[in-house]
Amino acid sequence: MSYGLLKGKKGIIFGALNEQSIAWKVAERCHEEGAEFILSNAPIALRMGELNGLAEKTGSEVIGADATSIEDLEKLFDAATAKFGKIDFILHSIGMSINVRKGKHYTEMNYDWLEKGWDISAVSFHKVMRVAWEKDCMNEWGSILALTYIAAQRTFPDYNDMSDNKAYLESIARTFGNYWGERKVRVNTVSQSPTMTTAGSGVKGFGGFLGYAEDMSPLGNATALECADYCVTLFSDLTKKVTMQNLFHDGGFSSSGVTQRVISKYDAE
Ligand SMILES: NC(=O)c1ccc[n+]([C@@H]2O[C@H](COP(=O)([O-])OP(=O)(O)OC[C@H]3O[C@@H](n4cnc5c(N)ncnc54)[C@H](O)[C@@H]3O)[C@@H](O)[C@H]2O)c1
């Protein structure tokens, strides 16, 4: 179902890797709602070639950019403004931790890997906004979003240094969001339920995460498609004064102390 919520809006979507990616679903829904956008991902991800299918389906151009490289981002934003003029929305759907990937325990963290993962998962959001800021390429009442996870507020074993990266990311949204206010642009993070994607399934014990979150969420876990629907509303003109927020999109998980489903499991023992 389409409501035409993004008719005439232009944007950049970072982070669609394959059909499971949250950014992939966001791109599909933005297209259905009438938006035009550029799809971007790291050059190494583009080599896998899957993104071309999404580009074809949504009539989009693909432009590679390592989101940690100011030079790559400058080229990307120049191409976007040459194509669209000023733009209306940006989705940052980027995350990676080498410590998680290599199974390095948090207590034995490799700091070189931490720095790389922090740059990719958190500082890249600052870099994206900085380049957009310097090039003055956002329209008034534009919307900038990044995806995050509740491990920024609560501990989840094996989410490892991504917890700290997400806390940093959410802080950047608030701090930079203040300055963007001067230009009538909003900046928020969406804190999504655990979702079966390439990044998600890299976390040890992810199946357990998913099942527990499902039982702890009165509405159940939010899917990637439901997350995409929510992002559409946040890019639309219906949410103009929402800014500098971390918005939980998690079926109620973040407000639950315990649920009957969890109690019943323990009562049965
Ligand atoms: N899957 C979950 O359970 C979950 C839950 C909450 C939040 N999130 C967040 O959602 C976002 C998207 O993740 P996903 O679950 O869709 O997984 P995904 O693996 O599909 O997406 C991660 C993306 O980051 C990109 N990326 C990595 N390094 C990059 C770089 N240097 N430059 C540009 N792009 C780079 C990857 O190529 C990939 O497209 C991440 O921020 C993730 O932390 C995921």
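This text goes with the structure placed above it.
Residues numbered from 1 in each chain as written. Predicted model: local features only at pLDDT ≥ 70, side-chain atom pairs only at ≥ 80, totals over all residues. Heavy atoms only, no water.

Caption draft 1: A look at the overall build of the chain. A tally of regular secondary structure across the chain gives eleven helices and seven strands. Against the globule reference of 18 Å for 269 residues, the chain gives a C-alpha radius of gyration of 18 Å, in line with a compact fold. Dimensions of the chain, computed from the C-alpha atoms along their principal axes, are close to 65 × 45 × 40 Å. Relative to its full complement of 269 residues, the chain shows a buried share of 52%. (Helix = DSSP H or I, 4+ residues; strand = E, 2+ residues; numbered from the N terminus. Rg over C-alpha atoms; globule rule 2.2 N^0.38 Å. Buried < 20%, exposed > 50% of the residue type's maximum accessible area, 1.4 Å probe, protein only.)

Caption draft 2: Expanded view of helix α10 (residues 224-235). Spanning twelve residues, α10 covers 16 Å between terminal C-alpha atoms, matching the ideal 16 Å at 1.5 Å per step. Where α10 is concerned, the buried positions are Ala 224, Cys 227, Ala 228, Cys 231, Val 232, Leu 234 and Phe 235. Angularly, the buried residues of α10 cover 160° about the axis, an arc narrow enough to put them on a single face. Contact partners of the buried residues in α10: α1 (22-32), β4 (87-92), β5 (138-148), β6 (186-192) and β7 (245-249). (Expected span 1.5 Å × (residues − 1). Arc of directions from axis to C-beta. Contact = heavy atoms within 4.5 Å.)

Caption draft 3: Structural detail: the pairing of strand β1 (residues 10-14). Taking burial as the measure, the five residues of β1 include five buried ones, the bulk of the element. The alternating pattern of β1 places Lys 10, Ile 12 and Phe 14 on one face and Gly 11 and Ile 13 on the opposite face, and all of these are buried. Sheet topology places β1 next to strand β2 (residues 36-41); five bridges connect them, and they run parallel. Pairing of Gly 11 across the sheet is with Phe 37, part of β2. Bridge count between β1 and β4: four bridges; the pairing is parallel. Across the sheet, the residue bridging to Ile 13 is Leu 91, located in β4. (Pairing = 2+ DSSP bridges.)

Caption draft 4: Structural view of the site of the ligand. As a structural note, the neighbourhood of the ligand is formed by 28 residues, with Ser 21, Asn 41, Lys 166, Thr 195 and Thr 197 the closest of them. Ala 67 places a polar main-chain atom, nitrogen or oxygen, 3.0 Å from a nitrogen atom of the ligand. Within the complex, 93% of the 830 Å² of free accessible area of the ligand lies under protein. Elements that contribute at least two residues to the shell around the ligand include exactly β5 and α8 (198-201). For the shell around the ligand, the leading source of residues is α8, giving three residues. In terms of residue class, the shell around the ligand is made up of 14 nonpolar, twelve polar and two charged. (Near = heavy atom within 4 Å. Polar contact = N/O pair within 3.5 Å; in protein donor to acceptor, adjacent residues only side chain to side chain. Areas by Shrake-Rupley, 256 points an atom, 1.4 Å probe, with all protein chains shown as cover. Nonpolar A, V, L, I, M, F, W, Y, C, P; charged D, E, K, R; others polar.)

Caption draft 5: Highlighting the pattern of salt bridges. For the coordinates displayed, the defined rule picks out 15 salt bridges. Between Glu 61 and Lys 83 there is a salt bridge; the shortest N-O distance is 3.2 Å. With Glu 61 in strand β3 (residues 61-64) and Lys 83 in helix α4 (residues 70-84), this residue pair connects regions lying 22 residues apart in the sequence. Since its relative accessible area comes to 35%, Glu 61 is described here as partly exposed. Judged by relative accessible area, which is 43%, Lys 83 ranks as partly exposed. Among the salt bridges present, the one from Glu 134 reaches Arg 130, with a minimum N-O distance of 3.1 Å. Taken together, the positions of Glu 134 and Arg 130, both in helix α6 (residues 111-134) and four residues apart, correspond to about one turn of that helix. Among the ionic contacts, a cluster of salt bridges with common partners joins Arg 29, Glu 32, Glu 33 and Asp 229. (Salt bridge = Lys/Arg side-chain N within 4 Å of Asp/Glu carboxyl O.)

Caption draft 6: Layout of the pairing of β4. By the criterion of burial, β4 is predominantly enclosed, with six of the six residues buried. As paired strands, β4 and β5 are joined by five bridges and run parallel to one another. Looking at β5, one finds that Phe 89 is bridged to Ser 143.

Caption draft 7: Local environment of the environment of Ile 94. Secondary-structure assignment places Ile 94 in the loop between β4 and α5 (98-101). In this structure Ile 94 comes out as buried when scored by relative accessible area, which is 17%. In sequence terms Ile 94 and Gly 181 are 87 residues apart; their C-alpha atoms lie 24 Å from each other. Filtering out sequence-adjacent residues up to four positions away, Ile 94 remains in contact with Phe 14, Ala 67, Ile 120, Ser 121 and Lys 166.

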